[in-house]
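A look at the structure
Each chain, written out:
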Amino acid sequence: MKLPLLEKALAASRSGRAAVLLTHLQSGHQSFIEGSETIGDLTLDAATLEAIRKAVTDDRNMTVETAQGPVFIEVFNPRLRCIIVGAVHIAQPLARMAALTGYLVTVVDPRTAFASDERFPDVTLSTDWPDEALEKLKPNRRTAIVTLTHDPKLDDPALAAALRSDAFYIGALGSKKTHAARLKRLTGLGFGEAELARVRGPVGLDIGAVSPAEIAVAIMAQITQVLRAEPQSDREAA
Amino acid sequence: MGDNEDILQQAADWRAAGKGVALATVVSTWGSSPRPVGSKLALEQSGGFIGSVSGGCVEGAVIEEGLKSIADGQPRLLSFGVSNDRAWEVGLACGGKIQVFVERVE
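Residues numbered from 1 in each chain as written. Chains lettered and ligands numbered in written order. Predicted model: local features only at pLDDT ≥ 70, side-chain atom pairs only at ≥ 80, totals over all residues.

**Details of the overall build of chain B**
- From N to C terminus, chain B includes 2 helices and 5 strands.
- The order of α-helices and β-strands along chain B, N terminus first, is α-β-β-β-α-β-β.
- Contacts in chain B between residues far apart in sequence, at least 24 positions, make up 54% of those at least 6 positions apart. (Helix = DSSP H or I, 4+ residues; strand = E, 2+ residues; numbered from the N terminus. Contact = placed C-beta atoms within 7 Å.)

What follows is the structure, given as structure tokens:
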């Protein structure tokens, strides 16, 4: 692999732009596709281009047989991000676990007593109001959003903004009763049943979690399940 | 993936420091395999490495081939698997098969 190509791949995966690296497995020749730009040594036929489109859509690396021999398609998708609304106790272990799992983490809370560097060392903090924060962060289909404040003033605008985004995961902390009341309020804001079904509440897998760290495990496990175990097409149908 | 980003960065850093560097990537898997397609390992000329292409079963062999690629500049396509009668050879205890592409970073 030529160093400039490696640096391009690295820059793409940092910036959040989608890109594809192609490697001919016999010769080692490579091409790099980003947007409408293709650089490199490979000649790509229609069947290979179709396979590339599929690999990008499915977010799956794969080797395909082409007329010229096997070609490895490596997909560089935007980085996974996790936006946590509410700099509360649970957010502390959750921010660390999400970072360990490979997510770029932002914790949002306008209450500066909660969102402090002392409570969240090494975490990107936003003290904007949640809907404004989400507008700036521009969640995409590689973003998970979790609300933890329990406070409708903060959670509701965050959830409304989340529902208007392509976020692959939206979770809201709160009991069944709290969640039912929340859905009622969001219905009042004009969201339909199918849209509200995207909000997972009570948040997290039901593993009997009690402590903040255990609840964070349950949430991180559910985010992972939605990302990996539920095919994209199902999500789009939902 | 955050993991691969760190690995590519390390490869670029080693290269910038003037070291010979190779990248190994899992390009196909069959059956159960410990790391998914696209998993990477980067190594430098004195044998330092970062990342993984299996649960640890074949890394030794991959590093050996990577050092050869650093020396001769040729890419290599390696296959690893395991069958019961050859289980003492380099292979995957989980019973899967993987293909690993090894290339020098120019």
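Read on for the rest.
**Thoughts on the sheet that holds strand β1 (residues 19–24) of chain A**
Residues and elements named next belong to chain A.
- Across the sheet, which stays open at both edges, the 5 strands sit in the order β3-β2-β1-β5-β4 with antiparallel pairing between neighbours. Lying at the two open borders of the sheet, with one neighbouring strand each, are β3 (37–40) and β4 (62–66). The mean angle between the axes of side-by-side strands here comes to 20°, regardless of whether they run parallel or antiparallel.
- By the bridge criterion, 6 bridges tie β1 to strand β5 (residues 69–76) in an arrangement that is antiparallel. When the bridges of β5 are listed, His-24 appears paired with Val-71.
- Together, β1, β2 (30–34) and β5 form the strand contacts of helix α1 (residues 3–15), whose direction differs from that of β2 by roughly 30°. (Pairing = 2+ DSSP bridges. Axes fitted to C-alpha atoms, helices over the stretch in contact; angles between N-to-C directions.)

**A closer look at the domain arrangement of chain A**
- Assigned domains of chain A: these are domain 1 (3–76) and domain 2 (81–237).
- Taking only C-alpha atoms into account, the centre of domain 1 of chain A sits 33 Å from that of domain 2 of chain A. (Domains from an automatic or database assignment.)

**Digging into unusual backbone geometry**
Residues and elements named next belong to chain A.
- The residue after Gly-201, namely Pro-202, is reached through a cis peptide bond having omega -10°.
- Looking at where Pro-202 falls in the secondary structure, it is placed in the loop between β11 (199–200) and α8 (212–229).
- With a phi close to 55°, Asp-59 is a non-glycine residue in the positive phi region.
- Positionally, Asp-59 belongs in the loop between α2 (46–58) and β4.
- On the basis of neighbour counts, which here come to 13 C-beta atoms within 10 Å, the residue Asp-59 falls in the partly exposed class.
- You will see that His-150, though not glycine, has its phi angle at about 75°, which is positive.
- With respect to the helices and strands, the residue His-150 is situated in the loop between β9 (143–147) and α5 (152–163).
- You can call His-150 partly exposed: it has 14 C-beta atoms within 10 Å. (Buried ≥ 20, exposed ≤ 12 C-beta atoms within 10 Å, placed from the backbone.)

**Section: the packing of helix α3 (residues 91–100) of chain A against α8(A)**
Residue and element names in this part refer to chain A.
- It is the contact of α3 with α8, at a shortest axis distance of 8 Å, that shows an interaxial angle of 40°. In this view, α3 runs oblique relative to α8, as classed from their interaxial angle. When you trace α3 past α8, the crossing you get is right-handed. Facing Gln-92, Pro-93, Leu-94, Met-97 and Ala-98 of α3, the residues of α8 in contact are Pro-212, Ala-213, Ala-216, Ile-219 and Met-220. (Parallel < 35°, antiparallel > 145°, perpendicular 65-115°, else oblique. Left-handed = near helix turned anticlockwise from the far one by under 90°.)

**Re the sheet that holds strand β5 (residues 97–104) of chain B**
Residue and element names in this part refer to chain B.
- A sheet is described by the order of its strands in space; here 5 strands give the open sequence β3-β2-β1-β5-β4, paired in antiparallel fashion. Both edges of this open sheet fall to β3 (49–51) and β4 (76–80), since each of them pairs with a single strand only. For this sheet, the mean inter-axis angle between neighbouring strands, taken without regard to orientation, is 20°.
- Across 8 bridges, strand β1 (residues 21–30) lies against β5 in antiparallel orientation. What sits directly across from Ser-28, in β5, is Gln-99.
- Contacts between helix α2 (residues 59–72) and the sheet are confined to β1, β2 (40–44), β3, β4 and β5, with β5 contributing the most and set at about 30° to the helix.

**Quick notes on the interface of chain A and chain B**
- Across the contact, 19 residues belong to chain A and 20 residues belong to chain B.
- Contributing elements (two or more residues each) for the side of chain A that touches chain B: α1, β4 and β5 of chain A.
- No other element matches the 7 residues that α1(A) contributes to the side of chain A that touches chain B.
- Split by residue class, the side of chain A that touches chain B holds 8 nonpolar, 6 polar and 5 charged. (Nonpolar A, V, L, I, M, F, W, Y, C, P; charged D, E, K, R; others polar.)

**As for the environment of Gly55(B)**
- Considering the arrangement of structural elements, one finds Gly55(B) in the loop between β3 and α2.
- When the C-alpha atoms of Gly55(B) and Pro34(B) are compared, they prove to be 5.5 Å apart, with 21 residues separating the residues in sequence.

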